[in-house]
Structures are given as C-alpha cells and as structure tokens.
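One letter stands for each residue in the lines below.
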Amino acid sequence: MSISNQLKFFILLFFHLFPIHRAEVGTAATYNPPYTPTKCFGTDPSQFPSNNLFAAAGDGIWDNGASCGRQYLVRCISAARANTCKLDQTIQVRIVDYAPNSTSKPSISGTTMVLSVTALNTIAVSSPSSINIEFQQV
Ligand SMILES: *[C@@H]1O[C@H](CO)[C@@H](O)[C@H](O)[C@H]1NC(C)=O
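Residues numbered from 1 in each chain as written. Predicted model: local features only at pLDDT ≥ 70, side-chain atom pairs only at ≥ 80, totals over all residues. Heavy atoms only, no water.

Draft legend 1. Highlighting the pattern of salt bridges. Tallied over the full model, the rule gives 2 salt bridges. Across the salt bridge formed by Asp-63 and Arg-70, the nearest N and O atoms sit 2.9 Å from each other. Looking at Asp-63, the relative accessible area reads 44%, which means it is partly exposed. For Arg-70, a relative accessible area of 22% translates into the label partly exposed. The salt bridge partner of Arg-75 is Glu-134, with a shortest N-O separation of 3.1 Å. In this pair, Arg-75 sits in strand β3 (residues 71-78) while Glu-134 sits in strand β6 (residues 131-137), placing the two residues 59 residues apart along the sequence. (Salt bridge = Lys/Arg side-chain N within 4 Å of Asp/Glu carboxyl O. Buried < 20%, exposed > 50% of the residue type's maximum accessible area, 1.4 Å probe, protein only. Helix = DSSP H or I, 4+ residues; strand = E, 2+ residues; numbered from the N terminus.)

Here it is as structure tokens:
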C-alpha cells in the first residue's frame, strides 16, 4: 500500500468508527408520572432505563414510530430564565413514547421531545416548563 492509500484507509476507518451525527437545536418540555402505557412499549416496565433518563418524541422526531428505542444525547442550552441550564451536563435519553398522545400531558405541547422529570432535573434547575436543547442521535 502506498502512503496515500494508507492515509485514505485510516481516514475511512476513522469515519466508520466515529460517524458524525450532526447536533441539532430544538425544545424540550417535561412530563410527570404515570408514564405507562407508552405508544412504543405499552406497560413493559423494562422499557425504562434504570437511571430514569427517558423521553417522549415530539412530531419532529417521532418518525412514524421508528424513533421508539432510539437514544439521544441532550444538553440544555438556554431557557426563558437565566441560569436555568446546567451547562456542563449532557444526558442520554431513550425514546419510549409519542409526546402528543402520552398518558400524562407534557408541560407544554409541540416541543421536539418531552423529558422525564429525572432527565429534565439532570440538565436544568427549578423544573422549567420548557428549555432549549441541543440534541443528537447516538
Ligand atoms: C394520537 O391520537 C390521535 C387522536 O386520538 C390519533 O388519531 C392518532 O392516531 C394517535 N397517534 C399515535 C401515533 O398513536
């Protein structure tokens, strides 16, 4: 292999091992228990990660149900009140429900996703009804 072919090989290998999912900007609300039944997994208790970091998908990411079980990295970037975001925190949430039809209603409707209470409180203080987020599928 010539040097340049080796270089090409390693560049391709790098992008294969570390695919770039571009981060997007959106909004998040929150919702309280009861969390079941969900549109994705019904009443199955094993759908919820043990750390309780999960979310319901809004119309923007629901993808006709294909988003069920997807994992997203989420970070709070701003909110109506200053100093709401814990800027150094990033969470990984699992999609378990369809927000517009969730068993308990979101704090506000129409957001990109709706976070469990634990998920929201991990990235924001004072339980805001909505925050601006940066998110990226894992
Ligand atoms: C959400 O609820 C509406 C109204 O009941 C229904 O028409 C729609 O099919 C539901 N969507 C999903 C994904 O369950």
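This is not the end of the story, as more comes after the structure.
Draft legend 2. Representation of the state of the cysteines within the structure. Tallied over the entire structure, the rule returns 2 disulfides. Residue Cys-40 pairs covalently with Cys-68 via a disulfide, S to S 2.0 Å. Its S-S torsion of about -75° marks the bond between Cys-40 and Cys-68 as left-handed, since a negative value means left-handed. One end of the pair, Cys-40, is in the loop between β1 (24-31) and β2 (54-57); the other, Cys-68, is in the loop between α2 (59-62) and β3, and 28 residues separate them in sequence. A sulfur-sulfur distance of 2.0 Å marks the disulfide that ties Cys-76 to Cys-85. Between Cys-76 and Cys-85, the S-S torsion sits near -55°, and that sign places the bridge as left-handed. Residue Cys-76 is classed as buried on the basis of its relative accessible area, which comes to 0%. Among the residues examined, Cys-85 registers a relative accessible area of 15% and is labelled buried. What links to what in the chain: the bonded cysteines, counted in sequence order, pair as 1-2, 3-4. (Disulfide = S-S within 2.5 Å.)

Draft legend 3. Seen up close, the side chain of Thr-30. Positionally, Thr-30 belongs in strand β1. Under the relative-accessibility criterion, Thr-30 is labelled buried at 15%. Ignoring any residue separated from it by four or fewer positions in sequence, one finds Thr-30 in contact with Lys-105, Pro-106, Ser-107, Val-114, Leu-115, Ser-116, Val-117, Leu-120, Pro-128 and Ser-129. (Contact = heavy atoms within 4.5 Å.)

Draft legend 4. Here's a closer look at the site of the ligand. Surrounding the ligand, one finds Lys-39, Trp-62, Tyr-98 and Asn-101. Taking Asn-101, its side chain carries an N or O atom lying 2.3 Å from an oxygen atom of the ligand. Burial of the ligand by the surrounding chains reaches 34%, relative to a free accessible area of 360 Å². Of the residues that constitute the shell around the ligand, the class distribution is 2 nonpolar, 1 polar and 1 charged. (Near = heavy atom within 4 Å. Polar contact = N/O pair within 3.5 Å; in protein donor to acceptor, adjacent residues only side chain to side chain. Areas by Shrake-Rupley, 256 points an atom, 1.4 Å probe, with all protein chains shown as cover. Nonpolar A, V, L, I, M, F, W, Y, C, P; charged D, E, K, R; others polar.)

Draft legend 5. Just the environment of Ser-107, in detail. Within the secondary structure layout, Ser-107 lies in the loop between β4 (90-98) and β5 (113-116). Taking relative accessible area as the criterion, Ser-107 reaches 34% and is therefore assigned partly exposed. For the pair formed by Ser-107 and Ser-130, sequence separation is 23 residues and the distance between their alpha carbons is 7.4 Å. Ignoring anything within four residues of it in the chain, the contact list for Ser-107 reads Ala-29, Thr-30 and Ser-129. At a separation of 2.7 Å, a polar atom in the side chain of Ser-107 contacts the main-chain carbonyl oxygen of Ser-129.

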